[in-house]
Protein chains: 4
Amino acid sequence: MTEQLATLLVSCADRKGIVASLAQALYGHGANILDADQHTDAEAGMFFQRIRFAVERRDGLDAAIGEVAAKFDMTWRIAYATHRARLAIFVSKYDHCLYDLLLRHRAGELPCDLAMVISNHADLAPVAAHFDVPFHHAPITKDTRAAVEAETLRRLDDAGVELVVLARYMQILSPGFVAARGPAGIINIHHSFLPAFVGASPYHQAYERGVKLIGATAHYVTDELDEGPIIEQGVVRCSHRDAVGDLIRKGRDLEKVTLAAAVRWHLEHRVLVYAGKTVVFD
Amino acid sequence: MTEQLATLLVSCADRKGIVASLAQALYGHGANILDADQHTDAEAGMFFQRIRFAVERRDGLDAAIGEVAAKFDMTWRIAYATHRARLAIFVSKYDHCLYDLLLRHRAGELPCDLAMVISNHADLAPVAAHFDVPFHHAPITKDTRAAVEAETLRRLDDAGVELVVLARYMQILSPGFVAARGPAGIINIHHSFLPAFVGASPYHQAYERGVKLIGATAHYVTDELDEGPIIEQGVVRCSHRDAVGDLIRKGRDLEKVTLAAAVRWHLEHRVLVYAGKTVVFD
Amino acid sequence: MTEQLATLLVSCADRKGIVASLAQALYGHGANILDADQHTDAEAGMFFQRIRFAVERRDGLDAAIGEVAAKFDMTWRIAYATHRARLAIFVSKYDHCLYDLLLRHRAGELPCDLAMVISNHADLAPVAAHFDVPFHHAPITKDTRAAVEAETLRRLDDAGVELVVLARYMQILSPGFVAARGPAGIINIHHSFLPAFVGASPYHQAYERGVKLIGATAHYVTDELDEGPIIEQGVVRCSHRDAVGDLIRKGRDLEKVTLAAAVRWHLEHRVLVYAGKTVVFD
Amino acid sequence: MTEQLATLLVSCADRKGIVASLAQALYGHGANILDADQHTDAEAGMFFQRIRFAVERRDGLDAAIGEVAAKFDMTWRIAYATHRARLAIFVSKYDHCLYDLLLRHRAGELPCDLAMVISNHADLAPVAAHFDVPFHHAPITKDTRAAVEAETLRRLDDAGVELVVLARYMQILSPGFVAARGPAGIINIHHSFLPAFVGASPYHQAYERGVKLIGATAHYVTDELDEGPIIEQGVVRCSHRDAVGDLIRKGRDLEKVTLAAAVRWHLEHRVLVYAGKTVVFD
């Protein structure tokens, strides 16, 4: 029998004995803990843990963990490394984040399958083709938005897509779409250091204000624009010499790196969401 | 005759021939240009220049530059290295920025004389004493604010103070006080990455929002709270592991370094203010 | 009965069941695990763990852990928060790291008692006095080195000093002195990005080479100069504009922050040494 | 008549009147100085300047500048924006730097024409094809090296290539090849923070040493391996958790950004080489 790698993510109200109970349940099942990281939010009284382990028998493991989970009223999930998440990338016309994700995927940095690229424009179809990823052109008008979103949701479901990545996608998703994909189902890259410069044209806003640093923020998408839980933020120096065009150029590099880190951490089951914030086990 | 070092700062609407005219005027006066940095804001059509030069004769130089300045309608000033600016530091109870400035001054990093430390509390008097800097205790209540500010302004004037540095001074200065000290007369350190988390308790706000970076901003003080021209910003990574106390600790390091850089650049005549922003020749 | 906070640090060859056994031993003793971080070096086949926990009864705990430790052939130690380590700071004439450590200690950032400042020069005695820390002047010549070191070792032992911090101490300690203080008993700040610019005058070397970044390295002291396990490194940008003096100024800031981080992590029992490297649980 | 943008780069022994003479020569020719940056190396007694200007008449300008240059014994060159440098990228099997340069070129970040990609392997031909850049497969063996290099030099000359970029090219160029391309004719990216970890497998060396930061260095190629003038360096944090594979992954991001910055600065005529170091006007 061959060992399988798996990751257990757990959150619950903090109490005595959680760590020992989980460790004991895993050990009792023959699992070898490779890596365990844990966080207690003293203020909120919450406990979070990520355990990577190797195990030979999957059967019975869910029941064993479930028993501990019931005792401590835990939210939990186990992800096996044999299961590769399926991912869809939404883009418009900017190609830098798309290329970056496709290249990182090919370099083995992102443990997932790329199910499709979806765009409201046809421009980036050749990029997807170059990387042998299916491309769907889904143009959107005010009148067709609802129908297109419904069809897109179907398409994602049919393809078993678990994570949607908005790689500078310039359309705002409806609350219904967001709800359908779940609370940690969509990652967006916002081209500013949130909560500064919320909304449109942040690089222009940054230029007007004369800031000496610009940023980028990768976050889960929720109903409230740019208010979702932050997964990662990056920053780069700028100066009076940087025109808006320079800020945009510097921003491209930031956006790529920041989004890629967030996506990788999500795919490696390192991110837990709680109270509008994230715990990122890095 | 011994040479003197001086710095010329100039701003005006951009036109052909400015650089040549200034260089010619200085050269014609026997000055040797050591360092010249220049910036043109194409969008605003503005020209900015900083020239460091060595000169043997001061007499006549103002007239020579003034002639060029009149032709191009320049705002300009010359600062001689022999003139050391006099500086006052305002503090409340936090000592980290105060110690930092006093130590940097003693290490020769800040080309100025420390005229005084002013505080609305008596706590930091021993710190000033340790560095042989006069300390004035100026407690403020709602009723005495106007009188205390008036007295402080007199004190600053009497001591020939040119720059006021708010080193985590926890009182808000009145518009009258700010106006009296001039548009680039007061530097403040704000403990956040402006324009994020404007106002009180930014580290608590940052904690609540779950950001992955915190910042600090050194800016000139204007009438509008936290809206003055930004001179320098710093940033440091944080994570879910950082409680508010950790953010405050990390912030102290940031505040010190960011404020000190802004003060040094001001004292080295590297900062020009235009349209609510700064040009920092570094 | 009041709870005590404690930290358990463990290292051993990696095997199945370690995490569960330790967690069970602590839980069986009534301890509540607050924070557990763990690392497996797959290449070296080594396991490392840091567990912070709260416990009411100390008696019996050593025996309980010792039993697990014997089974897995562990190296381990428990540090109780009630025990504050005693620290000695060695300096020569540079004061920036000394002030920095003294200020951080007073701000509560360094959980230790400052037993003494020792210097081969008398210059910094007033600094120690300002912070009410005993100062010992121990001048060293070629002929007196052995005797002075012997006396210093006695003095450290008498005062129960556990950690020596070389805060830009300009003397090289003898192998005997280093051995007497143990393998993780002395932290040094080296003013370069090791292993670049080993040895003397690294800022001059960096200037000559024309690097665009300079660094600082905090490391444990071993017999081989600048070869001890690295705890922390910092870096800052520089350019052709930076003369050696500027590099030294920038380096001061780096040295302070880098050394302070290393000392804090050591005092918080976050550092394990293995194979000439460190595991830093941050 | 339409204005042309141009950049003048100058270096010479420092003397009084250089700035004024150059500014006067340009002004006298009707040029408008847009941007002037200047550096004096006091220790070496050297003067460096970069002037960007707009001019209507090219004829006569060289003579005007040449007159000043002769007086001050300057090394100088003028680059007109209408002239786009031709660039060749050398690669082996790693594709990350190649993609990065091709994408930045297409995004308009690199003001040059891509003449060709040359590789000792055929693997990356499809990448060049995707971006419509000619690809030459030039396999090298010990016996064919001299002949292949000679043919490559011819090919570069025939195509008017001015700059060669080694984008993780895994062959060492012969001194003759390097000499033929001139002192600032080849830019290389070295995957370490030089001068640390010179030579092969720097990420493995960094792992063994247990450093807490890894770096990348873009430099001009000279005869001495990894000893050429440094143009740019980047750095990223790492920890005990990073296996060699993680360092390599982090390094890829660093290499891309660091190399691209160096190439861009070279193409924007921002780099001057002097005494084995660079002056980078940024």
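These numbers were taken from a predicted model, which means no experiment stands behind them.

1. Remarks on the interface of chain B and chain C
Here comes step 1: Taken together, the contact between chain B and chain C spans 21 residues of the former and 21 residues of the latter.
Here comes step 2: Both sides together, the interface formed by chain B and chain C hides about 1600 Å², and carbon and sulfur atoms give 39% of it.
Here comes step 3: Three residues stand out in chain B for area buried against chain C, namely Tyr99(B), His130(B) and Arg249(B), and they jointly supply 29% of the buried area on that side.
Here comes step 4: Between chain B and chain C we count ten salt bridges in total.
Here comes step 5: Where Asp253(B) meets Arg104(C), a salt bridge forms, and the shortest distance between an N and an O atom there is 3.0 Å.
Here comes step 6: The interface formed by chain B and chain C includes eleven residue pairs in polar contact (both at pLDDT 80 or more).
Here comes step 7: Contributing elements (two or more residues each) for the side of chain B that touches chain C: α3 (96-106), α4 (125-130) and α8 (244-267) of chain B.
Here comes step 8: It is α8(B) that contributes the most residues to the side of chain B that touches chain C, six residues altogether.
Here comes step 9: The residue inventory of the side of chain B that touches chain C, partitioned by class, reads seven nonpolar, one polar and 13 charged.

2. Some thoughts on the sheet that holds strand β10 (residues 213-220) of chain A
All names here are of chain A.
Here comes step 1: Spatial ordering of the open sheet is given by β7-β6-β5-β8-β9-β10-β11, a layout of seven strands whose pairing is mixed. Pairing within the sheet leaves two strands with one partner each, and these edge strands are β7 (135-137) and β11 (230-237). Ignoring which end each strand starts from, the neighbouring axes of this sheet average 20 degrees apart.
Here comes step 2: Summarising the sheet, strand β6 (residues 112-119) and β7 pair through three bridges and their orientation is parallel. Paired with Ile118 across the strands is His136, a residue of β7.
Here comes step 3: Packing against the sheet, helix α3 (residues 96-106) makes contact with β5 (85-91), β6, β8 (163-166) and β9 (186-190), and its axis sits at approximately 160 degrees to β6.

3. Remarks on the packing of helix α1 (residues 18-28) of chain B against helix α2 (residues 61-72) of chain B
Residue and element names in this part refer to chain B.
Here comes step 1: In contact at an axis separation of 9 Å, α1 and α2 are set at 165 degrees when each is read in the N-to-C sense. The angle between the axes of α1 and α2 places the two elements in the roughly antiparallel class. Every pair of crossing elements has a handedness; the one defined by α1 and α2 is right-handed. On the side of α1, the interface is formed by Ile18, Ser21, Leu22, Ala25 and Leu26, while α2 contributes Leu61, Ala64, Ile65, Val68, Lys71 and Phe72.
Here comes step 2: Residue classes in the contact of α1 with α2 are distributed as nine nonpolar, one polar and one charged.

4. A look at the packing of aromatic side chains
Here comes step 1: Scanning the entire structure with this criterion turns up 23 aromatic pairs over all chains.
Here comes step 2: Ring geometry for Phe193(C) and Phe193(D): centres 4.5 Å apart, planes at 70 degrees, overall edge-to-face. Note that Phe193(C) is positioned in the loop between β9 (186-190) and α7 (202-209) and Phe193(D) in the loop between β9 (186-190) and α7 (202-209), a pairing that runs across two chains. The same class applies to Phe193(C) and to Phe193(D), which are both buried.
Here comes step 3: On the numbers, 6.1 Å between centres and 75 degrees between planes, the contact of Tyr99(D) with Phe131(D) is edge-to-face.

Calculation criteria
Note on numbering: residues in each chain are counted from 1, in written sequence order. Here every chain gets a letter starting at A, and every ligand a number starting at 1, in the order they are written. Under the rules for a predicted model, residues below a pLDDT of 70 receive no local features and side-chain atom pairs below 80 are neither given nor counted, while totals for whole chains, interfaces and linings still include all residues. With hydrogens and water excluded, all non-hydrogen atoms of the structure serve as input to the side-chain values. Contacts are assigned to residue pairs that have any heavy atoms within 4.5 Å of one another. Note on definitions: buried area is the accessible-area loss of two parts on being combined, 1.4 Å probe, summed for both. Salt bridge, as used here: a side-chain nitrogen of Lys or Arg that lies within 4 Å of a carboxyl oxygen of Asp or Glu. Two N or O atoms form a polar contact when they lie within 3.5 Å of each other; inside protein one atom must be a possible hydrogen donor and the other a possible acceptor, and for residues adjacent in sequence the pair counts only when both atoms belong to side chains. Under the DSSP-based scheme used, a helix requires at least four consecutive residues in state H or I and a strand at least two consecutive residues in state E, with every element numbered from the N terminus. Residues are grouped as follows: Ala, Val, Leu, Ile, Met, Phe, Trp, Tyr, Cys and Pro are nonpolar; Asp, Glu, Lys and Arg are charged; all remaining types, including Gly, are polar. A pair of strands is considered paired only if DSSP assigns at least 2 bridges between the two. Here an angle of 0 to 180 degrees is reported between the N-to-C directions of two axes, which are lines fitted to C-alpha atoms, with helices fitted over the stretch in contact. Note that the term roughly parallel is reserved for angles under 35 degrees, roughly antiparallel for angles over 145, roughly perpendicular for angles of 65 to 115, and oblique for everything else. Throughout, a crossing is termed right-handed when the near helix is turned clockwise from the far one, and left-handed when it is turned anticlockwise from it by less than a right angle. Two aromatic rings, drawn from Phe, Tyr or Trp (for Trp, its six-membered ring), form a pair once their centres lie within 6.5 Å of each other, and the interplanar angle then sorts them: stacked below 30 degrees, edge-to-face above 60, tilted otherwise. Residue burial is assigned from relative accessible area. The probe radius is 1.4 Å, only protein chains are included, and a residue is buried under 20% of its type maximum, exposed over 50%, and partly exposed in between.

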